[in-house]
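Geometric and topological summary
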Amino acid sequence: MAVNNDVLVKINSLKKYFPVRSGIFLRAKKYVRAVDNVSFTIKKNETLALVGESGCGKTTIGRTILHLLEPTDGEVIFDNKNLTKISKDELKELRKGMQIVFQNPYTSLHPRKLVKDIVGEPLKIHTDFSSVEILRRVKETLENVGLREEHMYRYPHEFSGGQRQRIAVARAIILRPKFIVLDEPTSALDVSVQARILNLLNKLKEELSLTYLFITHDLAVVDYMADRVAVMYLGKVVEIGKKDDIFKRPAHPYTRVLEAAIPIPDPFFKKERILPKGEVPNPVNPPKGCRFHTRCDYAVDKCKELEPQLEKVDDEHYVACHRWKEI
Ligand SMILES: Nc1ncnc2c1ncn2[C@@H]1O[C@H](COP(=O)(O)OP(=O)(O)O)[C@@H](O)[C@H]1O
Ligand code: SF4
Ligand SMILES: [Mg+2]
C-alpha cells in the first residue's frame, strides 16, 4: 500500500447494509443500504463536514470508520493501517487515536457516574496510569474544555446541555487522539450555546492538531467548521469539495437545494425555504440510476437508468450528476 503522509483517514468503496427482518420467520432478506459504496479521504488537521438530510447515512459512516460498526464491504485506512485487515489487539491500540462525540449529551453520559470517572474511563481502559495520574489528567482536560476541578465530583444531571457536551469532548480528547468523529455535536443544544461549543472544538483542533469528521444536517454550521464538505444523499456521496467550491459553485442539484434552504439571519431578507420536493425514498429499495432522480428538477431519461459516478469538476471538487455541465 502506498503511504501518503498527508492523509489520515481513507475509506474505499465502503458499504454498510443493515438487515431488515420481515415475514413470519423473521429471516433477513432485505437490507437498508445505509452506506452504499462511499470513498473519500480526510487529510491531517482538516475538518471534513459530512452533510445531508436525516437518514442519509451520516452516522453510519462515522461509526463504521471507527469500527463501532463492522463494514459490510470496503476498506477503512487510518494512519496508513487497514482497519479491516488487522487483529483485534491492533484495532484496540489504534482506537485510542480515534474518538467520537455523540449527538445527544443527555443520553451519551452515564447518569450514575461521576464526571471524573466518565472522563477518566478511556485512561482506565487503555493505560496503566495510577489513579492519581488519571485524576491529574482529568483535571487538566476539564480545564482544556472550559470546566473546573470541582466539576469532577458531580453527576451529569447537574450540568446544562452545553456543559455536558464539554464533558463528552473531554472524554474524547483525554487519550490525545488524532481523529474525532463529531456527530451533530451541537444539534441538541440551544442556539446561544452552539457557537461556544463550535469555538471550543475549533480551538482544540488547533491546540491538539486534531482531524475532524464533522457530521451535520445544518449547512449553516458548516461554514464555522469545515475545510472541505461531502454532501450525502441516500447512502451516497453526491458532491465533495473545498468549502468555498461547495458554497459558491455547487455543481449538484441536491447541494443547490440544500444551500437554498440555509436560513439567512437577516429579518428583512426572507428567503423561501425550498427543500427538495417529495419524500426521501426508502433506502431498502433506492431508485435505479441516479438516486436523486425522483426529486430532481433536471432529471432526464438517462438519470433513471444509469448511475452517475463522481467526476472531477475542479481541483479537489467532484460531483456525481450526468448534467452538471449544462445546469
Ligand atoms: N442499527 C440499524 N439497523 C437498521 N437500520 C439502521 C440502523 N442504523 C441506521 N439504520 C438506517 O440506516 C439509514 C441511515 O441512518 P443514519 O446513518 O443514522 O443516518 P443519518 O445519521 O444521516 O441521519 C436510515 O435509513 C436508518 O434508518
Ligand atoms: S443525474 Fe440527473 S437526476 Fe441525478 S442529480 Fe443529475 S440531473 Fe438530477
Ligand atoms: Mg445521524
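Residues numbered from 1 in each chain as written. Chains lettered and ligands numbered in written order. Predicted model: local features only at pLDDT ≥ 70, side-chain atom pairs only at ≥ 80, totals over all residues. Heavy atoms only, no water.

1. What to know about the site of ligand 1
- Near ligand 1, the surroundings consist of F18, V32, A34, E53, S54, G55, C56, G57, K58, T59, T60 and P283.
- C56 is positioned such that a nitrogen or oxygen atom in its backbone is 3.2 Å from an oxygen atom of ligand 1.
- In this structure, an oxygen atom belonging to ligand 1 sits 2.5 Å away from a side-chain N or O atom of T60.
- Burial of ligand 1 by the protein chains amounts to 61% of its free accessible area of 560 Å².
- Counting only elements with at least two residues in the shell around ligand 1, the list comes to β2 (27-43) and α1 (58-65).
- It is α1 that provides the largest number of residues to the shell around ligand 1, a total of 3 residues.
- Its residues placed into classes, the shell around ligand 1 shows 5 nonpolar, 5 polar and 2 charged. (Near = heavy atom within 4 Å. Polar contact = N/O pair within 3.5 Å; in protein donor to acceptor, adjacent residues only side chain to side chain. Areas by Shrake-Rupley, 256 points an atom, 1.4 Å probe, with all protein chains shown as cover. Helix = DSSP H or I, 4+ residues; strand = E, 2+ residues; numbered from the N terminus. Nonpolar A, V, L, I, M, F, W, Y, C, P; charged D, E, K, R; others polar.)

2. Considering the site of ligand 2
- Around ligand 2, the neighbouring residues are H252, P253, C290, F292, H293, C296, Y298, A299, C303, C321, H322 and R323.
- A molecule is said to occupy a pocket when more than half its atoms come within 2 Å of that pocket's grid points, and by this definition ligand 2 occupies the largest cavity.
- Its residues assigned to classes, the shell around ligand 2 comprises 8 nonpolar, 3 polar and 1 charged. (1 Å grid on protein atoms, 1.4 Å probe; cavity = no way out; pocket = protein on both sides within 12 Å on 5 of 7 lines; lining within 4 Å. Sits in = over half its atoms within 2 Å of the grid points.)

3. A word on the domain arrangement of the chain
- We note that the domain assignment places domain 1 (1-44 + 55-86 + 228-327) and domain 2 (96-226) within the chain.
- On a C-alpha basis, the centroid separation for the pair domain 1 and domain 2 is 27 Å.
- Counting residues at the interface gives 23 residues for domain 1, matched by 21 residues for domain 2.
- Summed over both partners, the interface of domain 1 with domain 2 comes to about 1800 Å²; 77% of that surface belongs to carbon and sulfur atoms.
- Linking domain 1 with domain 2 are 2 salt bridges, by the criterion used here.
- Note that K178 is salt-bridged to D79, the shortest N-O span being 2.4 Å.
- Those elements that provide at least two residues to the side of domain 1 that touches domain 2 are β1 (7-22), β2, α1, β9 (228-233), α8 (243-248) and α9 (253-260).
- Residue contributions to the side of domain 1 that touches domain 2 peak at 5 residues, all from α1. (Domains from an automatic or database assignment. Contact = heavy atoms within 4.5 Å. Buried area = accessible area lost by both parts, 1.4 Å probe. Salt bridge = Lys/Arg side-chain N within 4 Å of Asp/Glu carboxyl O.)

4. Thoughts on the environment of V9
- By the element assignment, V9 lies in strand β1.
- A residue is classified by how much of its surface remains accessible, and V9, at 0% relative accessible area, is buried.
- Considered as a pair, V9 and T211 are 202 residues apart in the sequence and their alpha carbons are 9.2 Å apart.
- Among all residues touching V9, those that are not within four sequence positions of it are F40, T41, I42, I65, I77, F78 and F179. (Buried < 20%, exposed > 50% of the residue type's maximum accessible area, 1.4 Å probe, protein only.)

5. As for the sheet that holds strand β12 (residues 317-319)
- Pairing within the open sheet is mixed, and its 8 strands lie in the order β6-β7-β8-β3-β9-β10-β12-β11. In this open sheet, the two strands that pair with only one neighbour each are β6 (98-101) and β11 (311-314). Ignoring which end each strand starts from, the neighbouring axes of this sheet average 20° apart.
- As paired elements, β6 and strand β7 (residues 179-183) share 4 bridges and run parallel to each other. When the sheet's bridge partners are listed, Q99 is paired in β7 with I180.
- Strands in contact with α9 are β9 and β10 (236-242); relative to β9, the strand with the most contacts, it is inclined by about 105°. (Pairing = 2+ DSSP bridges. Axes fitted to C-alpha atoms, helices over the stretch in contact; angles between N-to-C directions.)

6. What to know about the packing of aromatic side chains
- If you walk through the whole model with that rule in mind, you get 5 aromatic pairs.
- Ring geometry for Y233 versus F292: centroids 4.9 Å apart, planes at 75°, classification edge-to-face. Placement of Y233 in strand β9 and of F292 in the loop between α9 and α10 (301-305) is noted, with a sequence separation of 59 residues between them.
- Among the residues examined, F292 registers a relative accessible area of 2% and is labelled buried.
- Between Y254 and F292, the ring centres sit 5.1 Å apart and the planes meet at 65°, which makes this aromatic pair edge-to-face. Taken as a pair, Y254 in helix α9 and F292 in the loop between α9 and α10 lie far apart in primary sequence, 38 residues in all.
- The structure contains a cluster of three or more aromatic residues connected by ring pairs, namely Y233, Y254 and F292. (Phe/Tyr/Trp six-rings, centres within 6.5 Å; stacked < 30°, edge-to-face > 60°.)

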